[in-house]
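What follows is the residue order along each chain.
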Amino acid sequence: MPKNSDIARKLEEVGIEIDGEVDSAQENSTPKNKGGKRTATEKRGKAAASEDGEDEDEDDEPLRGRRAANRRKVAQNETLEEDSDDDIPPRRCAGNRRRGKPGGSAAESGGGGKPNKRNKRGGKKQKEDKVKGKQDEKSKNSSEDSKSERGGEEEESMSEGERAQLMEEVEEKKKLIANIRNKPWRMKRRLKHLKEAQLFVDKFEGALGKGKGRKLYAYKVMMMKKWIKFQRDFENFKTACIPWERKIKEVESHFGSSVASYFIFLRWMYGMNLVLFSLTFGLVVIPELLMGLPYGSIPRKTVPRAEQATAMDYSVLTDFNGYCKYSALFYGYYNNQRTVGFLKFRLPLSYLMVGIGTFGYSLMVVIRTMAKNADVGGGDGEDNEFTFAWKMFTSWDYLIGNAETADNKYASITTSFKESIVDEQENQKDENVHLRRFLRVLANLLITCTLGGSGYLIYFVVKRSQEFANMDNLSWYEKNELEIIMSLLGLVGPMLFETIAELEDYHPRIALKWQLGRIFALFLGNLYTFLLALFDEVNAKLEEEKSIKNASIWFMQEYHANYTANNPNDTGTPPPIDPSDVIRGPCWETTVGIEFVKLTISDIQVTYLTILIGDFLRALIVRFLNYCWCWDLEAGWPSYGEFDISGNVLGLVFNQGMIWMGAFYAPGLVGINVLRLLTSMYYQCWAVMACNVPHERVFKASKSNNFYMGLLLLILFLSLLPVVYTIMSLPPSFDCGPFSGKERMFDVITETIDLDLPAFMGTLFSYAANPGLIIPAILLMVLAIYYLNAVSEGYKNANMELKKKMQMARDEEKNRRNNKDSTNQVLKDLEDLLPNRSNLPQKPEERKAPKVKPGAAGKGINVQKDVSLALANPNTRGLMTQAPGPKPVGCLPGNAGPGHKGAAPPPSH
Amino acid sequence: MGSTNSTLSKIPNAGDLMQETGFSPAHIVRLYDRYKALDKDKKGHLCPQDFGAIKELAMNPISDRIIGAFFSSGQEVLDFPSFVRILAHFRPVDKNRPKDPNSPEHINSRSNKLKFIFQLYDQDKDGKISRQELLQVLRTMLEKQVTEEQLESIADRTIQEADLDRDDAISFDEFRKNSLWCPSRSIKCRATD
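Residues numbered from 1 in each chain as written. Chains lettered and ligands numbered in written order. Predicted model: local features only at pLDDT ≥ 70, side-chain atom pairs only at ≥ 80, totals over all residues. Heavy atoms only, no water.

A. Spatial organisation of the overall build of chain B. From N to C terminus, chain B includes 12 helices and 2 strands. Listing the helices and strands of chain B from first to last along the sequence gives α-α-α-α-α-α-α-α-β-α-α-β-α-α. Counting across all 193 residues of chain B, residues that qualify as buried make up 53%. Of the contacts formed within chain B by residues at least 6 apart in sequence, a portion of 46% connects residues at least 24 apart. Here chain B has roughly 9,200 Å² of accessible surface; of this, 53% comes from carbon and sulfur atoms. (Helix = DSSP H or I, 4+ residues; strand = E, 2+ residues; numbered from the N terminus. Buried < 20%, exposed > 50% of the residue type's maximum accessible area, 1.4 Å probe, protein only. Contact = heavy atoms within 4.5 Å. Areas by Shrake-Rupley, 256 points an atom, 1.4 Å probe, with all protein chains shown as cover.)

B. Summary view of the packing of helix H9 (residues 131-141) of chain B against helix H10 (residues 148-162) of chain B. All names here are of chain B. It is at 9 Å that the axes of H9 and H10 come closest, and there the two elements cross at 125°. Between H9 and H10, the crossing angle belongs to the class labelled oblique. With respect to the hand of their crossing, H9 and H10 are arranged in right-handed fashion. Contacts between H9 and H10 involve Arg131, Leu134, Leu135, Leu138 and Arg139 on the former and, on the latter, Glu148, Leu151, Glu152, Ile154, Ala155, Asp156, Thr158 and Ile159. For the contact of H9 with H10, the residue count by class is 7 nonpolar, 1 polar and 5 charged. (Axes fitted to C-alpha atoms, helices over the stretch in contact; angles between N-to-C directions. Parallel < 35°, antiparallel > 145°, perpendicular 65-115°, else oblique. Left-handed = near helix turned anticlockwise from the far one by under 90°. Nonpolar A, V, L, I, M, F, W, Y, C, P; charged D, E, K, R; others polar.)

C. Seen up close, the confidence of the model for chain A. Residue and element names in this part refer to chain A. Here chain A averages 71 in pLDDT, and 67% of its residues register 70 or above. Averaged pLDDT values over the elements of chain A bottom out at 35 in helix H29 (residues 860-870) and peak at 93 in helix H22 (residues 668-691). Here residues 378-383 is modelled with pLDDT under 50, and outside its nearest four sequence neighbours on either side it reaches 5 contacts, counting other chains as well. A low-confidence stretch, residues 836-909 stays under pLDDT 50, and its non-local contacts, those more than four residues away or across chains, total 116 contacts. (pLDDT = per-residue confidence, 0-100.)

D. Region of interest: helix H2 (residues 14-21) of chain B. Summarising burial for H2(B): 6 of the 8 residues are buried, a large majority. Where H2(B) ends, the next residue or the one after it, Gly22(B), has phi of about 85°, a positive value.

E. Geometry of the packing of helix H17 (residues 433-469) of chain A against helix H18 (residues 476-504) of chain A. All names here are of chain A. At a minimum axis separation of 10 Å, H17 and H18 run at an interaxial angle of 175°. Accordingly, the angle class assigned to the pair H17 and H18 is roughly antiparallel. Classifying every residue of the contact of H17 with H18 by side-chain character gives 20 nonpolar, 4 polar and 6 charged.

F. Looking closely at the packing of aromatic side chains. For the structure shown, the criterion picks out 41 aromatic pairs over all chains. Plain terms: the ring middles of Phe523(A) and Phe654(A) are 5.4 Å apart, the flat faces sit at 70° to each other, and that makes the pair edge-to-face. Of the two residues, Phe523(A) sits in helix H19 (residues 508-566) while Phe654(A) sits in helix H21 (residues 645-662), which places them 131 residues apart along the sequence. The class of Phe654(A) is buried, set by a relative accessible area of 11%. Look at Phe118(B) and Phe172(B): their rings are 5.4 Å apart centre to centre, the planes differ by 75°, and that puts the pair in the edge-to-face class. Here Phe118(B), found in helix H8 (residues 110-121), pairs with Phe172(B), found in helix H11 (residues 172-180); they are 54 residues apart in sequence, far enough to count as distant. The buried category is assigned to Phe172(B), whose relative accessible area is 11%. Among the aromatic residues, those joined into a cluster by ring pairs are Tyr331(A), Tyr333(A), Tyr334(A), Tyr351(A), Trp588(A), Phe664(A), Tyr665(A) and Phe739(A). The ring of Tyr333(A) carries the charged tip of Lys301(A) above its face, separated from the ring centre by 4.7 Å. Lying over the aromatic face of Phe624(A), Arg623(A) brings its terminal NZ or CZ to 5.5 Å of the ring centre. (Phe/Tyr/Trp six-rings, centres within 6.5 Å; stacked < 30°, edge-to-face > 60°. Lys NZ or Arg CZ within 6 Å of the ring centre and 35° of its normal.)

G. Spotlight on the nonpolar core. Among the nonpolar cores identified, the biggest contains 101 residues, and Phe263(A), Phe265(A), Phe664(A) and Met745(A) are the most heavily contacted of them. The element best represented in this core is helix H11 (residues 245-291) of chain A, accounting for 16 residues. Among all residues touching Phe265(A), those that are not within four sequence positions of it are Val649(A), Leu652(A), Val653(A), Asn705(A), Tyr708(A), Met709(A) and Leu712(A). Counting residues in hydrophobic clusters, the runner-up holds 58 residues, among them Ala389(A), Ala406(A), Leu57(B) and Val84(B). (Core = buried A, V, L, I, M, F, W, Y, C linked by side-chain atoms within 4.5 Å.)

H. Local environment of the side chain of Thr590(A). Considering the arrangement of structural elements, one finds Thr590(A) in helix H20 (residues 588-624). Other than its neighbours up to four places away in sequence, Thr590(A) contacts Lys325(A), Phe330(A), Tyr331(A) and Gly332(A).

I. Structural view of the state of the cysteines. Residues and elements named next belong to chain A. Tallied over the entire structure, the rule returns 1 disulfide over all chains. A disulfide bridge connects Cys587 with Cys736, and the sulfur atoms are separated by 1.8 Å. In this structure the cystine formed by Cys587 and Cys736 twists about its S-S bond by roughly 95°; its chirality is therefore right-handed. Of the two residues, Cys587 sits in the loop between H19 and H20 while Cys736 sits in the loop between helix H23 (706-729) and helix H24 (747-756), which places them 149 residues apart along the sequence. Neither Cys587 nor Cys736 differs from the other in exposure class; each is buried. You can see Cys628 has no disulfide; the closest cysteine sulfur is in Cys630, sitting 9.8 Å from it. Relative accessible area serves as the criterion here: at 58%, Cys628 is assigned to the exposed category. (Disulfide = S-S within 2.5 Å.)

J. View of the pattern of salt bridges. All names here are of chain A. Applying the stated criterion across every chain yields a total of 13 salt bridges over all chains. The partner of Glu288 in a salt bridge is Lys301, with the nearest N and O atoms 2.4 Å apart. Pair noted here: Glu288 is in helix H11 and Lys301 is in the loop between H11 and helix H12 (305-308), with a separation of 13 residues, a long-range link. The class of Glu288 is buried, set by a relative accessible area of 1%. Note on Lys301: relative accessible area 0%, which makes it buried. Here Asp756 ties to Arg346 by a salt bridge, and the two come within 2.4 Å at their closest N and O atoms. (Salt bridge = Lys/Arg side-chain N within 4 Å of Asp/Glu carboxyl O.)

K. Focus on the environment of Thr280(A). All names here are of chain A. Relative to the helices and strands, Thr280 is located in helix H11. A relative accessible area of 5% means that Thr280 is categorised as buried. The spatial distance from the C-alpha of Thr280 to the C-alpha of Leu669 is 9.7 Å, given a sequence separation of 389 residues. In this structure, Thr280 is in contact with Val285, Val354, Pro667 and Val670, ignoring residues within four places of it in sequence.

L. Quick peek at unusual backbone geometry. Residues and elements named next belong to chain A. For Trp244, which is not glycine, the phi torsion reads 65° and is therefore positive. Looking at the element boundaries, Trp244 is found in the loop between helix H10 (211-241) and H11. Positive phi outside glycine occurs at Cys587, with the angle close to 55°. Look at Cys587 and you get buried, because its relative accessible area is 7%.

M. Region of the structure containing the environment of Pro722(A). All names here are of chain A. Among the structural elements, Pro722 can be located in helix H23. Residue Pro722 is classed as buried on the basis of its relative accessible area of 13%. In this structure the C-alpha to C-alpha distance between Pro722 and Leu531, which are 191 residues apart in sequence, comes to 8.3 Å. The residues contacting Pro722, other than those within four sequence positions of it, are Leu531, Phe535 and Met661.

As structure tokens, then:
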């Protein structure tokens with residue numbers, strides 16, 4: 001016995017959930033009780049004679065039950081005082097409630113035991129099923145009774161009376177499961193109840209078991225609680241692990257989600273670059289540093305003698321010449337040894353694979369993120385009905401206990417209200433449509449002209465610069481014409497676009513997208529000139545290399561000829577030249593790498609300086625000179641800067657393009673980029689909080705920043721092209737880099753297949769590379785894409801259709817409500833249900849409905865009106881005319897609860 | 001249950017309270033501890049100042065209203081049973097606790113919860129949230145950057161959204177309907193209530 005109570009106590013301590021359930025189980029019995037009573041009395045009134053036997057049963061049972069209960073109580077009082085403390089109050093209350101009920105039969109009003117309730121529940125059940133005969137009912141009753149009797153004896157010393165009820169519940173649910181087939185319900189409802197019942201049985205069957213089962217149950221519950229707690233903690237932990245979440249939230253609360261979207265994008269970019277960084281460093285740079293030949297051992301790893309004097313100079317190093325150039329940061333440093341170190345690490349192969357893998361991974365990640373975002377974007381419609389009301393009543397977070405957080409919350413509430421206002425303004429704007437359209441067309445025309453003009457300008461300037469390249473004695477302007485024009489374009493273009501965009505008067509969110517797209521197009525010209533210049537350089541270097549290669553080959557042959565002539569016995573010793581004196585080619589790959597690194601570095605400098613001067617200095621001046629200035633600087637002209645979302649996003653995107661293009665020729669570039677992103681996260685966060693003011697029209701960013709991703713994908717594709725071109729068609733330098741001595745870079749792969757893989761693999765690959773196989777494969781892929789596209793299109797259409805329907809239904813509902821001034825939720829729900837169920841015979845819900853109708857007290861007339869409206873379908877007439885059954889029992893006016901329950905009362909209650 | 005139970009026995013009317021509110025003994029004991037902790041100078045009841053000491057409440061824009069909700073009109077003291085009763089509003093809704101048409105609803109039922117919130121906004125207790133009352137809340141909740149004009153239009157808009165009977169105020173019924181509608185999660189919401 002003490003053991004049992006122990007378990008009970010454990011259950012108790014374990015928790016709220018169980019308590020709740022047990023309590024509710026206890027509570028469950030009362031309403032049933034009443035329902036049962038009502039039917040019982042009715043029954044008696046209707047056909048007293050036939051019920052006699054049953055009544056006797058009922059009278060008999062409670063007596064026994066009460067006795068049992070008393071006996072139990074005594075035992076408990078004697079042995080377990082603690083237990084009774086818990087036990088008595090509910091029981092007493094139950095008793096009170098029962099006694100307080102008028103109109104019960106003698107047996108009922110006197111009964112305090114549980115079996116009594118059971119009988120009544122039987123009654124209620126009968127009422128619900130109605131299909132069942134009384135015979136059926138009786139047998140059910142008796143079986144239930146006997147079972148519970150047994151249960152009662154078994155439990156004797158068990159802690160609570162609730163156990164018995166729980167047992168009944170479980171029994172009942174089991175029964176429900178057994179004959180759910182016979183219920184006249186819709187399939188959906190049946191399934192629902194079946195599921196509920198099964199869950200219930202699963203949950204509580206264990207609690208009713210003896211000894212071990214019970215302990216096991218308690219243990220299970222405890223573990224469940226622990227697990228839930230763990231999950232919650234883990235979620236918290238996960239949130240805490242998201243880097244910069246706090247910073248970004250802070251920015252978001254002050255500047256709105258649009259600015260935050262930039263920082264989220266930046267964070268995402270950092271994550272991706274971190275992976276690229278670990279790939280490049282883990283598989284290329286570190287193996288080379290650890291296992292490759294050390295610096296100074298071979299010519300490509302040594303600074304040439306001519307440069308050695310200045311190789312450590314700061315100015316040289318900042319240009320990435322000198323020691324920088326001959327370090328693992330760049331392509332040229334890597335040796336073409338097939339394997340390095342004792343691990344036989346195939347470095348050249350790894351180099352190529354990492355180069356390709358960088359693109360592969362980036363593509364995969366970008367596309368996957370886009371797909372995921374599209375998913376998110378599809379979910380939330382712009383159909384928010386009660387935007388302002390919701391913001392108004394629910395935006396405060398009641399857990400905030402920190403003054404700073406509270407400030408942020410205030411700011412974010414304000415910002416979100418502002419965002420909603422902007423959206424709202426946009427929705428309500430419907431002045432002159434034709435004017436607006438005309439202006440938009442005009443603006444696009446202007447911008448197309450601008451873009452075309454600048455494109456032609458770039459083309460023209462590039463042409464000229466190519467001519468200049470062959471001429472001597474140029475003026476300073478002629479030398480730098482290209483750069484000057486490009487930076488001027490980059491400066492003027494965006495401003496021009498912004499001005500023109502004013503004409504369009506788009507919502508700022510859409511305007512941002514247009515702005516981004518246009519500047520992107522402009523910057524593509526920048527990229528084009530840069531690449532053009534680079535290819536010219538590469539071609540020149542290739543020419544130069546060819547001659548040097550010939551010269552060095554000639555030299556080697558000479559040397560060997562001399563050497564073998566002098567010592568005929570010995571062949572193959574390399575010439576005794578110091579590695580720094582060897583004649584070497586220009587190594588165009590390293591040159592390209594250096595170009596990209598330089599570009600990235602200067603980009604970083606420019607960005608940071610712009611922030612420092614354009615934002616910080618400006619803010620300082622505006623703030624402090626304002627004390628002694630003739631007009632209000634803060635409100636007037638210079639004012640504080642706004643955060644330039646489009647510029648920053650594009651800067652980030654183009655920078656990433658540079659990284660992708662340059663990473664193959666300068667493995668160290670990825671490392672530099674990671675550092676850049678890391679610092680710029682902190683720096684820009686600080687700058688935006690310290691020196692910027694929120695936009696005049698704070699707008700809500702679209703949930704998915706797929707537009708940014710789209711730009712990124714485009715840039716990725718564009719930067720993929722030149723790299724693949726160089727890998728596939730340009731010969732690698734003969735004396736530097738991991739592919740030196742090979743005809744093409746990808747020869748490493750064929751070499752590996754030939755040397756390291758079994759012969760049949762080679763043939764397999766050669767078959768796979770057969771055009772006869774590749775072309776069908778490509779065709780197949782195209783077909784698959786076409787098919788999938790069609791399918792997704794179809795889904796999208798269906799989705800739109802459904803959304804439209806939902807919106808329509810809601811509008812209609814709202815209109816109806818507005819027109820009729822009726823707010824009875826239940827009736828609305830009923831109306832919605834009626835047409836579907838008109839072909840079904842009487843259902844409990846319908847019978848119950850009238851009972852809840854008066855829930856909206858004093859609206860009788862409306863009720864009538866609504867009903868008549870629902871009667872559009874003649875089949876329903878039967879249902880509704882039968883309505884005034886059980887009388888309206890005192891629901892509180894405006895009770896949501898009974899109304900909703902009424903619409904679909906589960907039979908178990 | 002040793003120590004816990006001894007505490008429980010000290011609490012007056014614990015059993016009735018549990019019955020009424022649906023709290024478990026452990027809950028009651030914990031609430032009692034909290035009650036005593038709040039009652040700094042051991043006077044046996046709580047007064048508004050005691051609540052003011054709670055950090056989370058002090059931060060809240062409508063803290064005075066929340067505290068006010070604990071004190072029924074005119075009273076300045078709060079005893080333990082009322083304390084528990086008020087807090088019972090915050091218990092999760094019991095899914096399988098059946099509706100009893102004859103007895104008053106459980107304190108933690110959905111509509112009672114809503115009513116509790118509603119009363120936070122309905123300061124003059126006329127059963128309607130008027131435009132003025134909304135404006136008051138908005139003023140405390142938003143920063144200075146929002147102009148008075150915007151505040152007013154927000155309030156108007158909020159009322160317009162929720163108002164079904166066109167009386168320029170939000171009645172409880174409208175408030176309830178409003179909160180039953182969850183933006184973009186509507187289906188789930190309807191299913192659960």
